[in-house]
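Each chain, letter by letter, is given below.
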Amino acid sequence: MKTVCCTNMPFAREAFSTLGSVTAKDGRTIVPADVHDADILAIRSTTRVNGDLLDGSRVRFVGTATIGTDHFDIPYLESRRIRWCFAPGCNANSVAEYVVSALLCLATRHGWPVRGRVMGIIGVGNVGRCVEEKARALGMRVLLNDPPRQRSEPDHAHLFVPLDELLARSDVVTLHTPLTRSGDDRTLRLADAGFFARMKPDCVLLNAARGPIVDSEALLRAMDAGTVAHAVLDTWEGEPAYRPDTRDRVDIATPHIAGHSFEGKAMGTVMVYEEACRFLGVAPHWSIEGHLPPPPVPEVAFDAAGLGFEATLWELVSRIYDIREDDAGLREGRGSPTELARHFDSLRKNYRKRREFRFTRARIENASPEAEQTVRELGFQSVTRP
């Protein structure tokens with residue numbers, strides 16, 4: 001039994017070696033010759049899985065350690081009776097913590113409050129629900145839009161609002177939909193000129209879903225008009241060969257790493273491995289328990305005297321995940337589209353072990369009761385207040 005896996009999947013070699021031999025390659029460089037004699041293919045979103053890759057191979061199971069499947073030719077896989085799986089929810093908390101870091105960074109940089117603002121969440125699946133929890137923890141009011149869920153959950157239909165209403169009322173709009181290219185729920189260039197025209201002036205836009213959901217030209221025009229005051233982009237049209245003019249205009253630009261916490265990527269590996277075991281009819285013989293490394297920042301302690309709500313939270317969050325580091329890394333990219341793409345991929349491939357909030361204990365003196373409660377609700381282990 002042979003598995004070909006992506007080098008950007010933590011613990012993939014350890015897990016899949018319990019099933020047989022393992023070959024690891026950079027996901028974007030996997031070619032037909034690599035999978036010709038493979039039985040299992042385990043990858044992330046940089047590998048296009050279709051007939052061009054798999055025709056003539058003996059691959060019978062393909063798993064992606066991501067929440068999206070737009071890099072899969074699903075009709076092809078099903079026509080060839082190749083079992084496939086993905087990892088819904090594996091990095092939901094990671095993306096939500098990315099959104100928290102982005103909002104607190106913007107709030108402290110531009111001097112505006114987070115508490116009391118309205119966040120509109122478009123796409124309320126595993127990620128969107130986790131973002132909702134974090135937004136409420138920050139004291140934000142939340143509007144939800146998800147037509148597929150609204151149709152399929154009539155008992156909860158009242159929880160959702162039409163897109164027009166969400167855009168008109170939201171101070172912050174964040175996108176967490178899959179990329180769908182056709183049909184009633186098409187999200188390809190959902191954020192187009194008409195979308196931005198319906199937004200509340202001076203709003204914030206975040207896209208940590210898929211790049212083609214946002215029309216880059218329309219976004220730039222909306223920024224020129226002042227409709228979008230601040231933008232945070234983690235995903236890009238045409239990535240990894242993104243447009244540098246868009247990067248240079250947005251407030252925070254990152255290389256598709258919102259879901260790249262170490263735990264988020266590791267859980268994607270676990271989910272694909274366990275599904276492969278089910279497909280093969282064998283019991284999993286590898287577990288992540290005991291394999292996670294200790295957190296680089298087990299505790300953060302500081303005095304919040306004189307700090308407001310947002311400043312207190314940013315002082316804490318930035319010590320665990322300072323989104324400005326990822327922004328600075330992407331802005332170092334220079335040169336031709338090929339050079340920009342190579343730099344983009346290098347940042348993803350060599351991404352640091354970013355850990356989630358739950359592995360850090362917070363000890364904050366003189367924090368307000370509201371800040372203390374929010375720290376707990378964001379997932380930090382504990383807060384002490386003399």
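Residues numbered from 1 in each chain as written. Predicted model: local features only at pLDDT ≥ 70, side-chain atom pairs only at ≥ 80, totals over all residues. Heavy atoms only, no water.

*Asks:* Just checking my understanding: could you explain the nonpolar core for this structure?
*Replies:* Side chains of a nonpolar character, in soluble globular proteins, are inclined to be buried together. In this structure, Tyr98, Met119, Leu138 and Phe380 are the most contacted members of the largest nonpolar core, which totals 56 residues. With 12 residues, helix α5 (residues 92-110) is the largest single contributor of residues to this core. Not counting the four nearest positions on each side in its chain, Leu138 is found in contact with Val100, Leu103, Leu104, Val114, Arg115, Phe309, Leu313, Thr374 and Leu378. By size, the runner-up hydrophobic cluster in this structure holds 34 residues, among which are Ile122, Leu179, Ile213 and Phe344. (Core = buried A, V, L, I, M, F, W, Y, C linked by side-chain atoms within 4.5 Å. Buried < 20%, exposed > 50% of the residue type's maximum accessible area, 1.4 Å probe, protein only. Helix = DSSP H or I, 4+ residues; strand = E, 2+ residues; numbered from the N terminus. Contact = heavy atoms within 4.5 Å.)

*Asks:* I tried to follow the sheet that holds strand β2 (residues 21-25) on my own but got confused; where do I start?
*Replies:* Taken in spatial order, the five strands line up as β2-β1-β3-β4-β5 in an open sheet, and their pairing is parallel. Each having just a single partner strand, β2 and β5 (83-85) make up the two edges of the open sheet. Between one strand and the next, the sheet's axes are offset by a mean angle of 15°, whatever the strand orientation. Bridging between strand β3 (residues 40-43) and strand β4 (residues 61-64) involves four bridges; their strand directions are parallel. Opposite Ile43, over in β4, you have Thr64 as the bridge partner. The strands touched by helix α12 (residues 262-280) are β3, β4 and β5; relative to β4, the strand with the most contacts, the crossing angle is about 160°. (Pairing = 2+ DSSP bridges. Axes fitted to C-alpha atoms, helices over the stretch in contact; angles between N-to-C directions.)

*Asks:* Mind showing me how you'd approach the pattern of salt bridges here?
*Replies:* According to the stated counting rule, one finds 29 salt bridges in the structure shown. Residue Arg80 pairs with Asp55 through a salt bridge whose shortest N-O separation is 3.0 Å. Of this pair, Arg80 sits in the loop between α4 (74-79) and β5 while Asp55 sits in the loop between α3 (51-54) and β4, placing them 25 residues apart in sequence. Between Asp327 and Arg331 there is a salt bridge, and its shortest N-O distance comes to 2.9 Å. With Asp327 and Arg331 both in helix α14 (residues 323-331) and four residues apart, this pair spans about one turn of that helix. Since its relative accessible area comes to 11%, Asp327 is described here as buried. According to the relative accessible area criterion, Arg331 is partly exposed, its value standing at 21%. A cluster of three or more residues bridged by salt bridges with shared partners is formed by Arg83, Glu275 and Arg278. (Salt bridge = Lys/Arg side-chain N within 4 Å of Asp/Glu carboxyl O.)

*Asks:* I'm lost on the packing of aromatic side chains in this one. Help?
*Replies:* Under the counting rule described, the total for this entry stands at 12 aromatic pairs. Taken together, the aromatic side chains of Phe11, Phe16, Phe262, Tyr273 and Trp286 make up a single cluster linked through ring pairs. Over the ring of Phe309 we find Arg115; its NZ or CZ atom is 4.8 Å from the centre of that ring. The ring of Tyr321 carries Arg354 above its face, with NZ or CZ at 4.1 Å from the centroid. (Phe/Tyr/Trp six-rings, centres within 6.5 Å; stacked < 30°, edge-to-face > 60°. Lys NZ or Arg CZ within 6 Å of the ring centre and 35° of its normal.)

*Asks:* Just checking my understanding: could you explain helix α15 (residues 337-349) for this structure?
*Replies:* For an α-helix, the turn length of 3.6 residues means that residues three or four places apart are oriented alike. Helix length check: α15, at 13 residues, gives a terminal C-alpha distance of 18 Å against a target of 18 Å (1.5 Å per residue), a fit within 8%. When α15 is considered as a whole, its buried residues turn out to be Leu340, Ala341, His343, Phe344, Asp345 and Arg348. The elements touched by buried residues of α15 are α11 (244-249) and α14. (Expected span 1.5 Å × (residues − 1).)

*Asks:* Please explain the sheet that holds strand β9 (residues 203-207) as it appears in this structure.
*Replies:* Two strands in a sheet stick together by hydrogen bonds in their backbones, pointing the same way (parallel) or opposite ways (antiparallel). Taken together, the six strands give an open sheet; going across it, the order is β7-β6-β8-β9-β10-β11, and neighbouring strands pair in parallel fashion. The open sheet is flanked by β7 (141-145) and β11 (252-253), the only strands paired with a single partner. Strand contacts of helix α6 (residues 126-137): β6 (118-122), β7 and β8 (172-175), with the helix running at about 175° to β6, the strand carrying the most contacts. Helix α10 (residues 216-225) contacts β9 and β10 (228-233) of the sheet and is inclined by roughly 145° relative to β10.

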